[in-house]
Amino acid sequence: MTELTVMLVDNVPARAAIVEQAMLDNGYRVIRRLESAKHLTVAVNECQPDIVIIDIESPDRDMLENMSRLSKDNPRPIVMFAEEDDATHIEAAIRAGVSAYIVDGMHPSRVKPILQVAVARFREFQALRTELETVKLQLEDRKLIEKAKGLIMKHQSCDESAAYKALRKLAMDRSQRMIDVATDVISVMELMGDKK
């Protein structure tokens, strides 16, 4: 297994040194240390760590915004060790993209299983997110194909089956995807004034 790289965010140097040693002891390599999450996105873009670890008392609004931006622009597992066990803070951190929120600080013996679970949860979430995006695109494509069929039915006074066959034949003749042909049909029909 390759050594995983870690970016550590901690504003207390002594605590950060302990966390960094715990990472090393468990086979992780800290490639960058930040005192705040202010430039988190930029730092992650530069270093490309496998995991981001944040060790703080309690996440503030700015930190949550930076984590949320990171999760949107350059997602990766984020583990937060915090002293604050308030449900509102935990929910906000999870919404911002935290894969694991650990209360009561970091215990060296628990580091490896916590990071393994965080990485697994992150990968599962990313897979679900990708699947959701795929389904959304398929639905949008389906709507456009249905619209193109409707315009063909109206323009050629035919039924749905004939309109679909016409679209499919056009796609095959042009060696194009159905969605591309449907988009072209909609554009042409709308230019001709057959807006639906």
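The structure displayed is predicted, hence computed values, not measured ones.

K.L.:
What should I look at first to understand the pairing of strand 4 (residues 78-82) in this one?
P.N.:
On a regular strand, one side chain projects to one face of the sheet and the next to the other, so that they alternate. By the criterion of burial, strand 4 is predominantly enclosed, with 5 of the 5 residues buried. Burial along strand 4 is two-sided: Ile78, Met80 and Ala82 and Val79 and Phe81, pointing in opposite directions, are all buried. In this sheet, strand 4 lies alongside strand 3 (residues 51-56) in parallel orientation, the contact comprising 5 bridges. Residue pairing across strands places isoleucine 53 opposite valine 79, the latter belonging to strand 4. Crossover handedness for the path strand 3 to helix 3 (residues 61-73) to strand 4: right-handed. Pairing geometry for strand 4 and strand 5 (residues 100-103), over 4 bridges, is parallel. Its bridge partner being in strand 5, phenylalanine 81 is matched across the sheet by isoleucine 102. For the crossover from strand 4 across helix 4 (residues 87-95) to strand 5, the handedness is right-handed.

K.L.:
Which parts of the structure should I look at to understand helix 7 (residues 178-191)?
P.N.:
Note: α-helices contain 3.6 residues per turn, so residues at a spacing of three or four share the same orientation. Between its first and last C-alpha, helix 7 extends 20 Å over 14 residues, near the 20 Å set by a 1.5 Å rise per residue. Those residues of helix 7 lying buried are Met178, Ile179, Val181, Ala182, Val185, Ile186 and Met189. The buried residues of helix 7 occupy an angular sector of 155 degrees when projected down its axis, which confines them to one face. Those residues of helix 7 that are buried lie in contact with helix 5 (111-156) and helix 6 (160-174).

K.L.:
Can you help me understand the packing of helix 6 against helix 7 in this one?
P.N.:
When two helices pack together, their arrangement is given by the angle between their axes and by how far apart the axes lie. Following both chains from N to C, one finds helix 6 and helix 7 inclined at 110 degrees, their axes separated by 9 Å at the closest point. With respect to helix 7, the axis of helix 6 lies roughly perpendicular. In the crossing of helix 6 with helix 7, the sense of the turn from one axis to the other is right-handed. Residue-level contacts link Tyr164, Leu167, Arg168, Leu170, Ala171 and Arg174 of helix 6 to Met178, Val181, Ala182, Asp184 and Val185 of helix 7. Residue composition of the contact of helix 6 with helix 7, grouped by class: 8 nonpolar, no polar and 3 charged.

K.L.:
Before we go on, may I ask you to explain unusual backbone geometry in this structure?
P.N.:
Where the residue is not glycine, phi is negative for most of them; where a peptide bond is considered, it is trans in most cases. One non-glycine residue, glutamine 48, adopts positive backbone phi at about 50 degrees. Given a relative accessible area of 40%, glutamine 48 falls into the partly exposed group. The backbone phi angle of serine 157 is positive, close to 50 degrees, even though this residue is not glycine.

K.L.:
Even after reading the chapter, I still don't get the sheet that holds strand 2 (residues 28-34), so can you show me in this structure?
P.N.:
In a beta sheet, neighbouring strands are held together by backbone hydrogen bonds and run either parallel or antiparallel to one another. Ordered by their spatial adjacency, 5 strands build an open sheet running 2-1-3-4-5, and the pairing between neighbours is parallel. Strand pairing shows two members of the sheet lacking a second neighbour, strand 2 and strand 5, which therefore form its edges. Adjacent strand axes in the sheet meet at a mean angle of 20 degrees when their direction is disregarded. The strands touched by helix 3 within the sheet are strand 1 (4-9), strand 3 and strand 4, with strand 4 carrying the most contacts at an inclination of about 165 degrees.

K.L.:
Got a minute to help me understand the packing of helix 5 against helix 6 in this structure?
P.N.:
The geometry of helix 5 relative to helix 6 is characterised by a closest axis approach of 9 Å and an angle of 110 degrees between their N-to-C directions. By the criterion of interaxial angle, the relationship of helix 5 to helix 6 is roughly perpendicular. The two elements helix 5 and helix 6 meet at a crossing, and its hand is right-handed. In contact with Ile145, Glu146, Ala148, Lys149, Ile152 and Met153 of helix 5, helix 6 contributes Glu160, Ala163, Tyr164 and Leu167.

K.L.:
Explain the nonpolar core here, please?
P.N.:
Burial of nonpolar side chains together is a common tendency in soluble globular proteins. Formed by 22 residues in total, the largest nonpolar core has its most connected members in Leu40, Val52, Ile54, Met63, Met67 and Met80. The set of elements that each furnish at least two residues to this core consists of strand 1, helix 2 (40-47), strand 3, helix 3, strand 4 and helix 4. Beyond its immediate sequence surroundings of up to four residues, methionine 67 is in contact with Leu40, Ile54, Ile78, Met80, Ala96 and Val98.

What counts, and where the lines are drawn
- Residues numbered from 1 in each chain as written.
- Predicted model: local features only at pLDDT ≥ 70, side-chain atom pairs only at ≥ 80, totals over all residues.
- Heavy atoms only, no water.
- Buried < 20%, exposed > 50% of the residue type's maximum accessible area, 1.4 Å probe, protein only.
- Helix = DSSP H or I, 4+ residues; strand = E, 2+ residues; numbered from the N terminus.
- Pairing = 2+ DSSP bridges.
- Right-handed = clockwise from strand over helix to strand, strands pointing away.
- Expected span 1.5 Å × (residues − 1).
- Arc of directions from axis to C-beta.
- Contact = heavy atoms within 4.5 Å.
- Axes fitted to C-alpha atoms, helices over the stretch in contact; angles between N-to-C directions.
- Parallel < 35°, antiparallel > 145°, perpendicular 65-115°, else oblique.
- Left-handed = near helix turned anticlockwise from the far one by under 90°.
- Nonpolar A, V, L, I, M, F, W, Y, C, P; charged D, E, K, R; others polar.
- Core = buried A, V, L, I, M, F, W, Y, C linked by side-chain atoms within 4.5 Å.

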